[in-house]
Structure formats: structure tokens, C-alpha cells
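Summary of the model geometry
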Amino acid sequence: MVSFRRNKNKESKEDKKDAKAPAKEDKKSAPPTKPPTLDDIPDLIDVMLNEKGEKSAAATKKIYELCDVGHKQNRVPMVCSGKYDVLTPLAKCLTQESGDGRHLACLALNNLSIPTENKRVMALGPASKAVIGGLCKVIAEDKQESYLCCICLMNLSFLEASITNILQHSPVGDGKEAKAPLDNPESLLRVLEKLLTNSPSVPKSGSGKSEGVRWACGLIKNLAKSEENAALIGKTEIPKCVVENIRATTAPPSRWTSNSLEDFSLFVVLNLAQWPVSKDALMKAGAVDVIKPIMAEGDLQGLKATMASAFLEAPWKDFPDSGNPAAKSVSELMTNIVEKKGKDGQYAYGVFKLYTATKAYRDLALAAAKADGDEGESNTKALAVPSSIALCLQIVSDLVLSAMDDAEGGSKYVPDAMSAEYAVGAIHAMLPAILQSGEQPRKSLQSEKACGEISNMLLTYADISGTSADAKGQAKEAATKISGSSGSARPVLEIAHDLWSQYRKREGQPMDQFISQQQGIEVDESGPLDFLPCASGDSSCVIL
């Protein structure tokens with residue numbers, strides 16, 4: 001999120017002006033101006049709504065000063081206290097022809113959009129239509145503040161609940177029939193598309209145009225996290241534009257800074273690639289060939305390129321070093337997300353979703369399995385390491401426990417249904433490598449226990465309400481193959497099962513949850529007990 005203070009040159013002139021000793025005649029006519037306070041807001045709002053020109057701009061400047069970097073404590077009260085409506089007059093200022101008032105309104109809205117509490121009010125509250133509409137209008141008119149408006153919308157879009165509402169903005173005149181965003185040239189979607197398509201192929205760094213394109217890509221990066229939004233974005237020229245941004249850059253990926261045009265563009269590619277509704281547009285734009293070389297970087301950009309390539313069905317041979325770096329980095333990402341931590345110097349917790357990481361791992365497993373053929377395992381071995389398999393089991397079993405009302409224990413991270421489905425898909429794709437036997441075939445009680453417990457867990461998962469048909473089928477097929485492999489030692493599966501069991505013990509989860517309860521039939525002198533369905537005295541069945 002980005003905070004603003006006024007232009008330094010402009011501010012320094014004002015500071016120097018204020019610092020001068022006033023002329024004698026000024027002392028009589030212009031007493032020193034006291035700094036604004038929250039109590040002044042009602043009067044300032046009145047001026048902003050009812051005056052024009054310099055008076056309105058001066059009032060807007062004071063609203064900005066109340067929420068600038070030196071007054072962060074005022075930002076939440078100004079928006080969320082219910083005492084003031086600063087959003088409506090600020091949105092109105094965005095429509096002014098006067099650049100000064102418009103610029104100050106953009107700065108104030110940017111600073112107010114930073115606190116999490118304010119995002120919901122600004123993006124989803126009563127004034128949201130005016131705020132989003134005003135920001136969109138400035139971008140559409142290609143004003144010099146366009147980049148500030150893109151930053152403000154990007155700040156608001158960090159609230160994921162808001163991203164659909166933001167991209168669905170599609171204004172029409174009073175009394176006119178509503179238009180879908182794709183059908184309305186004045187919708188935010190089409191305005192952003194126009195900004196990207198009309199920019200030079202290599203905009204001059206630091207220019208207003210380059211800043212507008214850069215922050216527009218930052219906004220689109222957040223908006224593309226929703227499948228509904230991705231479906232709309234995929235039907236525009238935006239996918240082609242972001243791929244071209246990466247293709248046209250002369251800077252190596254190792255030099256891309258956070259929030260650079262290239263960084264944002266690769267994030268857009270990643271977020272669009274994970275959704276079937278938008279990945280075709282990227283494939284048509286030649287995204288795989290453009291991002292493939294970035295995989296070798298090994299840092300954040302390499303991780304993003306690796307996951308995007310997996311989503312875009314790149315063949316296994318395209319992943320460097322036999323896929324080992326890809327397997328390691330995506331597995332590490334899954335672990336970090338589950339443990340609620342980031343990676344120093346690369347990404348913070350929350351940047352990536354678990355369903356993104358597990359889908360990337362599943363798609364890597366599918367690419368490796370395809371390269372292996374029906375019975376091979378040489379490529380899936382890179383992915384099927386015990387710690388990664390145990391993590392997939394953990395994700396699925398945690399979802400199972402959260403879905404069972406009578407289950408004890410729990411996890412600090414409850415995965416979503418999509419993540420569990422992708423984890424099952426990864427297990428299913430890696431089965432030949434997971435079930436490989438040792439060099440010397442032998443019986444193993446530990447393997448027998450592991451096969452039984454894991455297959456029971458997968459069958460329990462398949463019966464959970466809401467599990468997709470594909471996931472049910474893969475879980476049942478994997479359970480059948482695993483239970484059928486209990487006759488001999490399965491070293492990889494044994495170690496993975498042991499790691500999974502250690503995790504469950506640490507979390508205080510019931511260790512007998514997935515052990516078969518069919519232990520045998522008790523008997524006494526009369527024969528089997530509770531064996532016949534009519535054993536109880538009140539039964540109405542008849543034995544012939």
C-alpha cells in the first residue's frame with residue numbers, strides 16, 4: 001500500500017513562504033493560520049461542496065493535511081467514526097477541472113484507503129459508487145493524476161471482498177439500462193484495457209504514462225485473484241498487454257524490484273493462469289515462451305514463473321534441472337503458507353494463497369506423470385519426497401477433520417476445499433513414485449498400517465459433502481491402489497505416513513481417526529453376538 005505526501009518542490013516553496021517573517025501589512029490582514037483539526041471537518045466539507053476554485057482547493061488541502069503521513073491516527077476516525085462524510089466531497093473534487101483540487105483529493109483518498117477498516121467503507125459502503133466512479137473517471141480522461149487513482153484502487157483491492165465490486169463498476173447515465181462491464185467502454189475494465197493498449201511499447205521510465213501503466217497492472221494483479229474477475233479480464237486485451245510488458249523489458253529478472261512494471265505483470269500472468277476461464281488468453285499470447293526463461297532465476301520471480309508455467313501446461317522438460325528446483329520451491333511455499341510464514345527477502349505470508357500453491361504442485365505432478373508414461377516414476381520422484389507427500393496428506397486430513405462434527409483436535413490452518421482437492425490430485429498423479437518398493441521386496445507391518453490408514457482417510461474425504469466428482473474419483477482410485485499395495489514394504493509411503501502422524505500428534509488430533517474399526521466379531525457359548533440383524537428382542541424380522 002502506498003502513502004503520499006505533497007510534491008516536495010511545491011511543499012518546500014510553501015514551507016519557505018510560511019517560514020518567512022510576514023510583512024508589516026500582512027500582520028494586520030492575515031493572522032497566522034492554525035493547523036486543521038478533526039473538529040474543522042464539517043466546515044471544510046461545506047466549503048468543498050458549495051464553493052469552487054481556490055476556496056474548495058484550500059479546504060481539500062486541509063482535509064489532506066488531516067490524514068497525511070504525520071497524522072495517520074486521524075485516518076480511521078475520518079472514515080469510520082460515522083461523524084463525517086469526507087468521501088462524497090472528495091469524490092466530487094475528482095471531477096473538477098482545476099488540477100490542484102483534484103490532485104489534493106487524490107492524495108487524501110490514497111492515504112484514507114490504507115487502513116484495513118477504511119477499505120470496506122470506501123469500496124463497499126454508501127459512498128463506494130462515487131469514490132470508484134470518480135477515480136475511474138480520472139483514469140479514463142488520462143489526467144496526470146491517473147496513476148494516483150490506480151494506486152488508490154489498488155489499495156482498496158487488497159480487501160479481497162471488494163475486488164468483484166471494484167471491477168464490476170460500469171456506470172451509465174440516469175434512467176439508462178445497466179450495461180455489463182465488457183459492453184461498456186466507460187467501465188473500469190475497459191478503461192484499464194484502454195490505458196494499457198494505448199501506452200507506448202516501452203514507456204519512458206518515470207513518465208506519467210509509465211506510472212499509470214505500472215500501477216494499473218498492480219491493480220489488475222489484485223483484481224485477477226477472483227475467478228469471476230479473471231473471466232472478464234481474459235476477454236480483453238489485458239493478458240496480451242501484460243505478456244508484452246515482460247517480453248519488451250530489457251532489465252533481467254534479477255533486477256526487477258518489488259512493485260515494478262515487470263513484477264506486477266508477472267503477477268497478473270500468474271493470477272490469470274491459475275483459472276481455466278482466463279488461461280487460454282495467456283496461451284494465445286505466447287506467455288509460456290516469454291516466462292519460461294525466468295524459471296531459472298530461482299528467486300521470487302522464478303517461483304512465480306514456475307507456477308505460471310505449470311498452470312499453462314508447460315511440458316516437464318521445460319522445467320530446469322529435471323524439475324528439482326520447481327518441486328522444492330513450490331513445496332516450500334505450501335509449507336510456509338500452512339505454517340503462516342513468508343520467506344525472507346522474497347515474499348511475506350499472505351502474498352500467495354494455499355490453493356494457488358497446491359494447484360501448482362498438482363500441475364507439476366501431472367506434467368511429470370505425463371513425461372513418465374503409464375508405469376514410469378523417474379520424473380515424479382522429484383516431487384514425491386516424503387515431506388511433500390506428508391504435507392498433501394496433512395492438507396486433506398485437516399479438511400476432513402474440520403468437516404466432521406464429532407472429530408476432536410484441529411489445525412492452526414484449516415485448508416479450503418480447493419486446496420484439498422489439488423492435494424488429492426497431486427497424490428493421485430504421484431502414485432507410481434509414492435508406492436515404489438524397496439530394492440529388496442519384503443513384508444512390512446508399518447507399510448501395511450500406512451496403506452490402511454491413508455486409504456481410509458482418502459475414502460473419508462471422498463464422502464465429504466461438496467467434494468467434486470473428479471476429486472471423489474481420484475481419492476477412491478488412489479485409496480484402492482494404496483490399500484492394494486500393503487503386501488510389501490513401501491519406504492517412501494512409510495516415511496510420509498510417519499511425518500503425517502507426527503504432525504497429527506503435535507496438533508493433538510485423534511490418532512485412531514482413520515484406523516479401521518472393524519476388529520472382529522465377539523462370541524460367547526451361544527455363538528456370535530450382535531451378528532444377526534434380528535438379534536435384539538424388539539426386531540420384527542423372521543428367520544426361516
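Residues numbered from 1 in each chain as written. Predicted model: local features only at pLDDT ≥ 70, side-chain atom pairs only at ≥ 80, totals over all residues. Heavy atoms only, no water.

1. Examining the overall build of the chain
Across its full length, the chain holds 27 helices and two strands. The buried share of the chain, taken over its 544 residues, is 49%. Taking the intrachain contacts of the chain between residues at least 6 apart in sequence as the baseline, contacts between residues at least 24 apart amount to 71%. As presented, the chain carries roughly 26900 Å² of accessible surface, and 50% of it is formed by carbon and sulfur atoms. (Helix = DSSP H or I, 4+ residues; strand = E, 2+ residues; numbered from the N terminus. Buried < 20%, exposed > 50% of the residue type's maximum accessible area, 1.4 Å probe, protein only. Contact = heavy atoms within 4.5 Å. Areas by Shrake-Rupley, 256 points an atom, 1.4 Å probe, with all protein chains shown as cover.)

2. Some thoughts on helix α10 (residues 146-157)
Over its 12 residues, α10 runs 16 Å from end to end, which matches the ideal 16 Å to within 8%, given 1.5 Å per residue. In terms of residue burial, α10 counts as a mostly covered element, since 11 of its 12 residues are buried. Listing the buried residues of α10 in full gives S146, L148, C149, C150, I151, C152, L153, M154, N155, L156 and S157. (Expected span 1.5 Å × (residues − 1).)

3. Looking at helix α4 (residues 53-66)
Over its 14 residues, α4 extends 20 Å from the first C-alpha to the last, a length consistent with the 20 Å expected when each residue adds 1.5 Å. Along α4, the positions that sit buried rather than exposed are S56, A57, A59, T60, I63, Y64 and L66. In the core, the buried residues of α4 are packed alongside α3 (41-50), α5 (75-80), α6 (87-93) and α7 (99-112).

4. Side note on unusual backbone geometry
Unusually for a residue other than glycine, D142 sits at a positive phi of about 55 degrees. If you trace the backbone, D142 turns up in the loop between α9 (128-140) and α10. A positive phi angle, near 65 degrees, is found at E313, a position not held by glycine. Mapped onto the elements of the fold, E313 is located in the loop between α19 (300-311) and α20 (324-338).

5. Some details on the environment of T249
Positionally, T249 belongs in the loop between α15 (238-248) and α16 (261-273). Separated by 13 residues in sequence, T249 and E262 place their C-alpha atoms 7.4 Å apart. Not counting residues within four places of it along the chain, the set of residues in contact with T249 comprises W256 and E262. Only 3.2 Å separates the side chain of T249 from the backbone nitrogen of A251, close enough to count as a polar contact. (Polar contact = N/O pair within 3.5 Å; in protein donor to acceptor, adjacent residues only side chain to side chain.)

6. As for the pattern of salt bridges
A complete count under the given rule lists 20 salt bridges for this structure. The salt bridge partner of E211 is R214, with a shortest N-O separation of 2.8 Å. Of the two residues, E211 and R214 both sit in helix α13 (residues 208-223), three residues apart, roughly one turn of that helix. For E211, a relative accessible area of 17% gives the class buried. (Salt bridge = Lys/Arg side-chain N within 4 Å of Asp/Glu carboxyl O.)

7. Quick look at the packing of helix α8 (residues 116-124) against α9
Two elements in contact, α8 and α9, have axes whose closest approach is 5 Å; the angle formed by their N-to-C orientations is 85 degrees. Between α8 and α9, the interaxial angle falls into the category roughly perpendicular. Counting all contacts with α8, which are made through M122, A123 and L124, the residues of α9 involved are S128, V131 and I132. Looking at the contact of α8 with α9 residue by residue, the class counts come to five nonpolar, one polar and no charged. (Axes fitted to C-alpha atoms, helices over the stretch in contact; angles between N-to-C directions. Parallel < 35°, antiparallel > 145°, perpendicular 65-115°, else oblique. Nonpolar A, V, L, I, M, F, W, Y, C, P; charged D, E, K, R; others polar.)

8. Description of the packing of aromatic side chains
The description of an aromatic ring pair rests on the distance of the ring centres and on the angle between the ring planes. Applying the stated criterion across every chain, the model contains six aromatic pairs. Where W500 meets F514, the ring centres are 6.0 Å apart and the plane angle is 20 degrees; that geometry is what we call stacked. With a gap of 14 residues between them, W500 in helix α27 (residues 491-506) and F514 in the loop between α27 and β1 (523-524) connect regions that are remote in the sequence. Given the relative accessible area of 0%, W500 is considered buried. We classify F514 as buried; its relative accessible area is 3%. Sitting over the face of the ring of F267, K304 holds its NZ or CZ atom 3.9 Å from the ring centroid. Positioned over the ring face of W500 is R504, at 4.3 Å from the centre of the ring. (Phe/Tyr/Trp six-rings, centres within 6.5 Å; stacked < 30°, edge-to-face > 60°. Lys NZ or Arg CZ within 6 Å of the ring centre and 35° of its normal.)

9. Here we look at the side chain of S309
Mapping S309 onto the fold places it in helix α19. Note on S309: relative accessible area 0%, which makes it buried. Within the local environment of S309, its side chain forms a polar contact with the backbone oxygen of A305, the two atoms lying 2.8 Å apart.

10. Quick word on the environment of Q168
As for its position among the elements, Q168 is in the loop between α11 (163-167) and α12 (188-197). Sequence-wise, Q168 and E228 are 60 residues apart; in three dimensions their C-alpha atoms are separated by 10.0 Å. Aside from chain neighbours lying at most four places away, what touches Q168 is P181, E228 and L232. At 3.4 Å, the side chain of Q168 forms a polar contact with the side chain of E228.

11. With respect to the packing of α9 against α12
Running from N to C, α9 and α12 point in directions that differ by 30 degrees, and their axes come no closer than 10 Å. Considered as vectors, α9 and α12 are oriented roughly parallel to each other. Once α9 is placed against α12, the crossing between them reads as left-handed. Residue-level contacts link C136, I139 and A140 of α9 to L188, V191 and L195 of α12. Here the contact of α9 with α12 is built from residues that sort into six nonpolar, no polar and no charged. (Left-handed = near helix turned anticlockwise from the far one by under 90°.)

12. Brief notes about the confidence of the model for the chain
Averaged over all residues, the pLDDT of the chain equals 87, while 85% of them reach at least 70. Every residue in residues 8-31 scores below 50 in pLDDT, and together they form five contacts with partners more than four places removed in sequence or on other chains. Contacts for the low-pLDDT stretch residues 531-544, under 50 throughout, to residues beyond four places or in other chains number seven contacts. (pLDDT = per-residue confidence, 0-100.)

13. Here's the deal with the state of the cysteines
According to the stated counting rule, one finds zero disulfides in the structure shown. As a non-bridged cysteine, C150 has C149 as the owner of its nearest cysteine sulfur, 7.1 Å distant. (Disulfide = S-S within 2.5 Å.)

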